[in-house]
Each structure stands twice: as structure tokens, then as C-alpha cells.
Amino acid sequence: MPEIPAPEQVKTALRRLNESGFSAYAVGGCVRDSLLGKAPLDWDITTAARPEETERVFADCRLIETGLQHGTVTVLLDGVPLEITTFRVDGDYLDARHPESVAFTRNLKEDLLRRDFTVNTLCWNEQDGVVDLCGGLFDLQNGILRAVGNPDHRFAEDALRILRGIRFASVLGFAIEPNTAESILRNRQSLSKIAAERIRVEFTKLLCGKNAAEVLDHYREVIAVFIPEVRALFDCPQNTVYHCFDVYRHTLATVENIPPREALRLCMFFHDFGKPLCRKTDENGQDHFKGHEKASVQIVLPILKRLRFDNSTVKTVTNWIALHDTKSPKTKIEAKKLLSEIGVENYRALIEIKRADNRGKAQPHAIDEKLRRMEDFLSEILENNECYDLHGLAVNGDDLKAAGIPNGKEIRDALNGLLELVITERCENEKDTLLKRICAVANTGNG
Ligand code: ATP
Ligand code: MG
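Residues numbered from 1 in each chain as written. Chains lettered and ligands numbered in written order. Predicted model: local features only at pLDDT ≥ 70, side-chain atom pairs only at ≥ 80, totals over all residues. Heavy atoms only, no water.

A. Up close: the pairing of strand 5 (residues 80-86). Direction of pairing for strand 2 (residues 44-47) relative to strand 5: parallel, over a ladder of 4 bridges. Of the residues in strand 5, the one forming a bridge with Thr 47 is Thr 86. Taken together, strand 4 (residues 72-77) and the strand that follows it, strand 5, pair antiparallel across an intervening segment of 2 residues, in which Asp 78 is found at a positive phi of about 50°. (Pairing = 2+ DSSP bridges. Helix = DSSP H or I, 4+ residues; strand = E, 2+ residues; numbered from the N terminus.)

B. Region of interest: helix 17 (residues 332-359). With 28 residues, helix 17 extends just 25 Å between its outermost C-alpha atoms, more than 12% less than the 40 Å of an ideal straight helix rising 1.5 Å per residue. Of all the bends in helix 17, the greatest measures close to 105° and is centred on Gly 343. (Expected span 1.5 Å × (residues − 1). Bend = angle between axes of the 7 residues up to and from the residue.)

C. Just the domain arrangement of the protein chain, in detail. Examined at the domain level, the protein chain breaks down into domain 1 (8-133), domain 2 (143-226) and domain 3 (390-444). The centre of domain 2, based on its C-alpha atoms, is set 57 Å off from the matching centre of domain 3. (Domains from an automatic or database assignment.)

D. View of the site of ligand 1. Not every one of the 17 residues close to ligand 1 is listed here, only the nearest: Arg 32, Asn 120, Asp 158, Arg 161 and Lys 205. Here Asp 116 contributes a backbone N or O atom positioned 3.2 Å from a nitrogen atom of ligand 1. At 3.3 Å, a side-chain N or O of Arg 164 approaches an oxygen atom of ligand 1. Taking 580 Å² as the accessible area of ligand 1 by itself, protein coverage stands at 82%. The site holding ligand 1 turns out to be the largest pocket. Of all the elements in the fold, those that place two or more residues in the shell around ligand 1 are helix 2 (29-35) and helix 7 (160-172). Top contributing element to the shell around ligand 1 by residue count: helix 7, with 4 residues. When grouped by side-chain class, the residues that make up the shell around ligand 1 number 2 nonpolar, 3 polar and 12 charged. (Near = heavy atom within 4 Å. Polar contact = N/O pair within 3.5 Å; in protein donor to acceptor, adjacent residues only side chain to side chain. Areas by Shrake-Rupley, 256 points an atom, 1.4 Å probe, with all protein chains shown as cover. 1 Å grid on protein atoms, 1.4 Å probe; cavity = no way out; pocket = protein on both sides within 12 Å on 5 of 7 lines; lining within 4 Å. Sits in = over half its atoms within 2 Å of the grid points. Nonpolar A, V, L, I, M, F, W, Y, C, P; charged D, E, K, R; others polar.)

E. Quick peek at the packing of helix 16 (residues 311-323) against helix 17. Relative to each other, helix 16 and helix 17 sit at 65°, their axes nearing to 10 Å. Seen from above, helix 16 lies across helix 17 with right-handed handedness. Across the interface between the two elements, Asn 319, Trp 320 and Leu 323 from helix 16 touch Ile 342, Asn 346, Ala 349, Leu 350 and Ile 353 from helix 17. Grouping the constituent residues of the contact of helix 16 with helix 17 by class yields 6 nonpolar, 2 polar and no charged. (Axes fitted to C-alpha atoms, helices over the stretch in contact; angles between N-to-C directions. Left-handed = near helix turned anticlockwise from the far one by under 90°. Contact = heavy atoms within 4.5 Å.)

F. Examining the pattern of salt bridges more closely. Within this structure, the stated rule accounts for 37 salt bridges. Its salt-bridge partner being Glu 345, residue Arg 348 comes within 3.5 Å of it at the nearest N-O pair. Taken as a pair, Arg 348 and Glu 345 lie in helix 17 at a separation of 3 residues, close to a single helical turn. Among the ionic pairs, Arg 426 bridges to Glu 420, the shortest N-O distance being 3.9 Å. Residue Arg 426 is classed as partly exposed on the basis of its relative accessible area of 46%. Judged by its relative accessible area of 32%, Glu 420 falls in the partly exposed class. (Salt bridge = Lys/Arg side-chain N within 4 Å of Asp/Glu carboxyl O. Buried < 20%, exposed > 50% of the residue type's maximum accessible area, 1.4 Å probe, protein only.)

G. Structural view of the side chain of Lys 336. As for its position among the elements, Lys 336 is in helix 17. What Lys 336 contacts, discounting residues up to four positions off in sequence, is Ile 381, Glu 386, Cys 387, Tyr 388, Ile 423 and Glu 425.

H. Seen up close, the nonpolar core. In this structure, Ile 166, Phe 203, Leu 216, Ile 227, Phe 269 and Phe 270 are the most contacted members of the largest nonpolar core, which totals 91 residues. For this core, the two domains that each supply at least three residues are domain 1 (8-133) and domain 2 (143-226). With near-sequence residues (within four places) excluded, Ile 227 lies in contact with Phe 203, Phe 269, Phe 270, Phe 273, Ile 303, Arg 306 and Leu 307. (Core = buried A, V, L, I, M, F, W, Y, C linked by side-chain atoms within 4.5 Å.)

I. View of the packing of aromatic side chains. Throughout the structure, instances matching the rule amount to 8 aromatic pairs. Taking the centre distance of 6.4 Å and the plane angle of 50° together, the rings of Phe 117 and Phe 155 count as tilted. Separated by 38 residues along the polypeptide, Phe 117 in the loop between helix 4 (108-112) and strand 8 (123-125) and Phe 155 in helix 6 (residues 151-157) bring together distant segments of the chain. In this pair, the class of Phe 117 matches that of Phe 155, namely buried. (Phe/Tyr/Trp six-rings, centres within 6.5 Å; stacked < 30°, edge-to-face > 60°.)

Next up, the structure:
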């Protein structure tokens, strides 16, 4: 079994609790991920010590009483925050979200039974090694995601577990045990009681998982509970020479074929939401989706806001959706024009987006050559330090002012005119040469 690479602070905390007579373990995701050879995101500690006992054990440390009513004390060890939670049993859940009450227990097993999936019940400390009281090791080794206890009861208690379940299936690449899988589908409606922020966190992780496409396909009805707009994509035909899938299956293929970065995956998931609305079938039975990028943005913007994505993500994702059908530049001049409009980061993203989009089509490699060229143009432009925007232009506003052009709009127009000349290789990007062209540019707007 792989070593558990617990940070020194975690080991110290466990040791101090143990030495004070309280059983204590690292628990859940950190043990699961360590055993899978992945670096854990965070380390949770569970202990028999009551919160006030934990506070006494760490009386010399800075303490943050984060979730005292749930038994959690955050201890700062060498500046590292560690969440230490007392073994607890949850009371009744009446709202599919929170227990009415929690009761502390000295019994580890009771604490583990309140957790969501068997692979999330594994515990570890230096003394005992890995402790497995709920069959988590078997499931971990066999790639099975199984609810702890009766799945219907567990999902009724906390509906977020439904989404966590398919998120883990996507991220870990695990198969969901049949009873758990059926229960996820049966109970999906109760997800509507869960706060948008919590849905967003799980949905984003799901999208970035290695099995995202398969999970989004099999559990499409779960996704439709919080994104009902997606239903229009299911089975929406694309009778064109370019496509071999309906809109939803095409979407999933594109998700699978883009690197697992949040904004890129979101862009692919949502990029064709406008297609069902824009679909027009011509007299030859061929479908056309003119203007679907704009329609997608219109539909997706409220969804992203509703799911409480931050403004920067909303802006990036909708911007990329609007750009996703942009033609790849055929010449270096076209590449510079595109760069001047969208910038280097968006240009790079557009290459990824176009590649992934094409991978979900009838000829998945049809535009590879064009995209390689698009990449080459960029490398060449950057390597040679070629000018493609106002920052790279050899003259700036002050130069033009000094040359006698009054402030404001005229300077802006002149700069843009010069940029156009430089990008289209009609003028050297050289200060004196550019200044000589100013009058002409200022007079005509484009030289
Ligand atoms: P991640 O890799 O996202 O951190 P995780 O399993 O560690 O996954 P956390 O939210 O950090 O998830 O929770 C830590 C542990 O707490 C879980 O492994 C699980 O044992 C338990 N847990 C978390 N959320 C729930 C829930 N909604 N219902 C039951 N148990 C939960
Ligand atoms: Mg965790």
C-alpha cells in the first residue's frame, strides 16, 4: 500500500491528540487521494476529542472556531490551517441539506457512517496505518463508488451527495455501484433544494474530471435538474456534412477533447446551447445554425450567473463561446489582425477550443493542419517580437501629441491607423517612418 504523505503539521496534530489520550485520524478525501497516488487538496482530521478538549490540546496555537456547532476547530500549526472535527452523529435531516442537530460521539465507526461514500470513510494515522471500517479499501481498489448504507436514505438526508457522487465518478473514473447509481437518478429532483454555490463547485469539478463525457451522458437528467436549458440539446439533430452526432453528444465529445481547465471545459459544455434555437433545415434537408454563437451567449449568461460563477469566469467563458466559430487565420497578417482584436491568451484558447470542437465532428482531424498554422503564426510573431497591437507599436500617444496631433479621438484614430499599416505590412514598425506617415493617416483614417 502506498505511503500516506501526510504533511508534518498533520502528523504533529494527530500525535498531540493521541498523546493526550484522544483517538485521531486523517480522514476522507486526503486518505482516498493518497492511496490513489494523487496529492490531496486538503487534510481533514477527525478525533474523539470534544471541541473544547481539542482547544485545550492546542492551547498554545492560534485557533479559529470555524464551525463549532458542527464540532470543527481550525488549528494553525506553523501557519497551516488544519480542520479538526469531533467524531459526530448527525441528527435528522428535514430539508435535504442540513441535519437538525449534531451529537458528538467517542466512536469512530459512528462518525464514518455519516459520510457519503465508502471510499471517503478511510482513515489514517501513523500508529494504526490505514483504518477501513466500511469496506472503503475494497471499493477503492476496484474503482467502485458506493454510498455508505442505504443510498435513498443518504441522498434524502443531503441531496448534494447526488452531485458529489457523479462528480467522484467523473474525477476518479470510478463506476457507480448499481444501487447507488439507480438511487442517484431516482432522487435527482431533490438537488433543486441545494444552494447554487454548492452545485457550482461540484459541477465544475465534474466537468474537469477524466470521465466527464461518460458521466454527463449517463446522468444527463441529473444535470438537467439545475441546468434545464440543456434538455434542448438532447437528441437535437445536426444534419450537415460536418457532423455525425446530435448536439449533446457533440458537446460531450468536445468537453472530453479539451484540457481539464475550468473555463475551457465550461466553454465547451455551453458553446452550442444556442444551436437548437437557431436550427434551420433547408430544402435539401441540410441543417444550418447561423448565429448560434450569439444565441449561446444569450442563453448561457443567465445560467452562469444563476450558478454564481465569478464575474471573471463569466466574462471569459461567454467571450470564448462568442468566438468559438471564428475562422482560423490563413496568413500571418490575418493572425495579427485576430491578435489585435482578442489578445494572445484568447488566441491560444481559441486554438484549443477549435481543436476540441472539431474532434466532436465527422472528420475529427480535418482542421489540424490549419490549427498548426495558427500556432506557428503565433510563435513566429512572438519570437520576432512583431507588432500586433498598440503596445507593440513604435509610437505612442505622447509621440503623436508632440508631433502636433491634438489630444483624444484623433490620436486614437491615428494610432489605430498606424497599427493597421504595420499589421498589414504596408509600413515598417519604426518610429521615424511611422511619424512621417502620420499626416496621411490622420487625414484619411487608414493611410
Ligand atoms: P475533495 O477532493 O473535493 O476535497 P473530499 O472527499 O475530501 O473531496 P470534502 O468536501 O473535502 O470532500 O470533505 C471531506 C470528507 O467529508 C469527505 O471525504 C467525506 O468523508 C465527508 N463529506 C463531505 N461532504 C459530505 C456530504 N455532503 N455528506 C457526507 N459526507 C461528506
Ligand atoms: Mg477534501
